[in-house]
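Chain and residue survey
Residues per chain are reported as follows:
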Protein chains: 2
Amino acid sequence: MSELIYAYDPVIELKRLLNRIEHDKIFVITDSNVRRLFFKDGGSDIGNFLDSITDKIITFTAGEINKNINTVCDIWGSLSCGGATRKSLVINFGGGVTTDMGSFAASTFKRGVGYINIPTTLLSIVDASVGGKTGIDFSGLKNEIGTFAFPKVTMVCTQFLKTLPTRQVLSGMGEVVKMSMLRSRDCYMSIIKDFEPTDDIIRKCIEWKLEITAADPRESGLRKLLNFGHTAGHAFESILTDRGKDSISHGACVAHGIMVALILSHMLLKMPSSLIYEYKTAILSNYSAVNLTCKDRDLIMEKIAHDKKNSGNEMKLVLLRDIAQPVFDVSVSRVDLESALDIYLMNDF
Amino acid sequence: MSELIYAYDPVIELKRLLNRIEHDKIFVITDSNVRRLFFKDGGSDIGNFLDSITDKIITFTAGEINKNINTVCDIWGSLSCGGATRKSLVINFGGGVTTDMGSFAASTFKRGVGYINIPTTLLSIVDASVGGKTGIDFSGLKNEIGTFAFPKVTMVCTQFLKTLPTRQVLSGMGEVVKMSMLRSRDCYMSIIKDFEPTDDIIRKCIEWKLEITAADPRESGLRKLLNFGHTAGHAFESILTDRGKDSISHGACVAHGIMVALILSHMLLKMPSSLIYEYKTAILSNYSAVNLTCKDRDLIMEKIAHDKKNSGNEMKLVLLRDIAQPVFDVSVSRVDLESALDIYLMNDF
């Protein structure tokens, strides 16, 4: 399917990679922030190296709001003008928006050119750049358009995280927390104790994700687990993006979405309520509020109804019996979901 | 991969199909011509039936010129507004543009919803609706954007061909001729004798295509054979579409493209020149001229250089040693290709 490399020195690893992956031209896709941070004015070793090997750096304006078909058309156009062929190689260098959208553009250009993901944020390392999902937002819905496609290689380099802004670390931590809640009490307890993305925890998260996605690449069963916290989380994110509030990150929305899932887990699967309290004080307290109110409940419900994991009126959620005891495809009635959202929205999380 | 059904009565077969394929909603994608011919004013049995079972008929303006990302966005929008879920079923009902573009839209909506192809033209029966390629044109290039994806079912109903305009029959015959030249001297001789798409020939063409695409779905080897006649053919088609001349069909362009391939086959593989003469008098004489001249040669070369099957300066073509003796990946120099185009363009085909 796809290869994973942990790189201590990204330039050396990339050189090795390019020696063994057949290609004619190289195209780098990145966003304006990463372009500024890694390429301009002296830049970084990896930026200078990419600059020296690429036929074209394709840069789009940073932000989830640009993860749309217009930007994809610009990318396709740049590939086309740059003479990209089926043997060309695309390197997606950036955060989740870059790896999601760059992978979609590459997987559909000439029915698919090979691509490498080099994630630069915690979120894209643990979530977006592995697992074979590509996507863009459409019509106000997250990742509404996309493909299942795998990069040739994902190159993980945790040294990029050292200079990451807090907001970005928090975003990635949302997915790290999710993974640990699904898979390991030990890991979750260590995060509760010390809210830090250590290299060890990052590797575990990636391995778990690869394990699950290899077993069920097309999300017909097990993979659904990865949607834990995403039902409400994606709805929050869609609404905030629609309102032009790009300040709340994906991971922060997931962290809040997990709270809704925990309330439902207690209601429907008798998960101990102490876990809700623990989650609130040790995890959610790190995040700012999403600023949604009871007035937004119906809009949230509407967004959830559009979620591609749902079909018809039936809502299927991932809930927990306990930490590391997830259950997927739990049928949740409209009324119960509304109640859980009411409880969540009434509280000042 | 995908199922193929030959339907004598399309309504009965479709009823059976829908009983066994799980789905929530049904969306029909079709173009304005098919909509008018099959659905309006009494319509046809299949049109009335589709009308009665679908949640929404999504109609786009007919013509290759509309096989683009704007139309796909309209289709995605209609699916989204219509509440399509991952369990919805898309029925692509129409010619090659409909099955290519409808399949692309379906295969990328929510990362893929199931779809059925019901081709209504000879071209889409023998070519577009089987084999797992989807696509749209982009930046003046044919099928530049697309996916490899398979319909759940392709339903072939040759009775639709009875009312097909001559131009459409000729277009499909281009692909029928191509297939027979690649695979069977007997079949080719019967077409030389009587230029007609009999049910027997149609079935053979579909079976051959399925055989080849099953052996090599992603076009890494054998499948390249199907590009016979398409190197020049696609270039002709791109140029004529750019010039707003929608009057020359895909199959007609392929028929002309085959002539270029035959000239090269004689030059490089010693294919008997008598075959060129035979092809000209018995096959190409059925088609009108493409009206390209020696002045267009460089533009044709430029289009060919952009072809997704080529990489860099190397041109790889499918040529024939003889009927039913094809060779793929034949390296053709720029000079030889230019000579063959000159010979072709000088003649009044």
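Every value quoted in this text rests on a predicted model; they were computed, and no experiment measured them.

Structural notes on the interface of chain B and chain A
At the interface, 34 residues of chain B touch 35 residues of chain A. Interface area, chain B with chain A, both sides summed: about 3,000 Å², of which 56% is carbon and sulfur. There are four salt bridges connecting chain B and chain A. Here Arg86 of chain A ties to Glu219 of chain B by a salt bridge, and the two come within 3.4 Å at their closest N and O atoms. Summed over the shared surface of chain B and chain A, the result is ten residue pairs in polar contact (both at pLDDT 80 or more). Counting residues per element, the ones that place at least two in the side of chain B that touches chain A are helix H4 (69-81), helix H5 (96-108) and strand S7 (141-145) of chain B. Per-element tally for the side of chain B that touches chain A: the top contributor is H4 of chain B, with five residues. Considered class by class, the residues forming the side of chain B that touches chain A number nine nonpolar, 14 polar and eleven charged.

Here's the deal with the pattern of salt bridges
Applying the stated rule across the entire model yields 42 salt bridges over all chains. Residue Asp127 of chain B pairs with Lys209 of chain B through a salt bridge whose shortest N-O separation is 3.3 Å. Pair noted here: Asp127 of chain B is in helix H6 (residues 122-128) and Lys209 of chain B is in helix H9 (residues 199-215), with a separation of 82 residues, a long-range link. Salt-bridge contacts for Arg334 of chain B lead to Glu338 of chain B; the nearest nitrogen and oxygen are separated by 3.4 Å. Of this pair, Arg334 of chain B and Glu338 of chain B are both found in helix H14 (residues 334-346), four residues apart, which corresponds to roughly one turn of the helix. Through salt bridges with shared partners, a single ionic network connects Glu64, Lys67, Asp100, Lys142 and Glu237 of chain A.

Some details on the packing of aromatic side chains
All names here are of chain B. This structure, assessed with the given rule, holds 16 aromatic pairs over all chains. Both rings, one in Phe236 and one in Tyr344, keep their centres 5.4 Å apart while their planes meet at 15°; by these two values the pair is stacked. Pair noted here: Phe236 is in helix H10 (residues 230-242) and Tyr344 is in helix H14, with a separation of 108 residues, a long-range link. Grouping residues by exposure puts Phe236 and Tyr344 together as buried. The cationic tip of Arg35 hangs over the ring face of Phe39; the distance from NZ or CZ to the ring centre is 5.9 Å. Its end group placed over the ring of Tyr6, Arg203 keeps NZ or CZ at 3.9 Å from the ring centre.

Considerations on helix H3 (residues 45-53) of chain B
Residues and elements named next belong to chain B. For H3, the set of buried residues is Ile46, Gly47, Phe49 and Leu50. Along H3, the residues classed as buried sweep out an arc of 165° about the axis, all on the same side. Opposite the packed face of H3, turned more than 90 degrees from it, sit the exposed residues Asp45 and Ser52.

Observations regarding the relation of the copies chain B and chain A
In summary, the two copies of the chain are related to each other by a rotation about an axis coupled with a shift along it. In the superposition of chain B on chain A (RMSD 0.0 Å, axial shift 0.0 Å), the rotation amounts to 180°. In short, the pair behaves as if placed about a two-fold rotation axis. Mapped onto chain A, 100% of the interface residues of chain B again fall at the interface, so both copies present the same surface.

A closer look at helix H8 (residues 185-193) of chain B
All names here are of chain B. Taken residue by residue, H8 has Cys187, Tyr188, Ile191 and Ile192 as its buried positions. The arc enclosing the buried residues of H8, seen along the axis, measures out at 140°, which places them on a common side. Residues Asp186 and Lys193 are exposed on H8 and point more than 90 degrees away from its buried face. On its buried face, H8 is in contact with helix H7 (166-183), H9 and helix H12 (273-282). A distance of 3.4 Å separates the backbone nitrogen of Asp186 from a side-chain oxygen at the start of H8, and that oxygen is part of Ser184.

Cut-offs used in this document
- Residues numbered from 1 in each chain as written.
- Chains lettered and ligands numbered in written order.
- Predicted model: local features only at pLDDT ≥ 70, side-chain atom pairs only at ≥ 80, totals over all residues.
- Heavy atoms only, no water.
- Contact = heavy atoms within 4.5 Å.
- Buried area = accessible area lost by both parts, 1.4 Å probe.
- Salt bridge = Lys/Arg side-chain N within 4 Å of Asp/Glu carboxyl O.
- Polar contact = N/O pair within 3.5 Å; in protein donor to acceptor, adjacent residues only side chain to side chain.
- Helix = DSSP H or I, 4+ residues; strand = E, 2+ residues; numbered from the N terminus.
- Nonpolar A, V, L, I, M, F, W, Y, C, P; charged D, E, K, R; others polar.
- Phe/Tyr/Trp six-rings, centres within 6.5 Å; stacked < 30°, edge-to-face > 60°.
- Buried < 20%, exposed > 50% of the residue type's maximum accessible area, 1.4 Å probe, protein only.
- Lys NZ or Arg CZ within 6 Å of the ring centre and 35° of its normal.
- Arc of directions from axis to C-beta.
- Least-squares fit on C-alpha atoms with pLDDT ≥ 70 in both.

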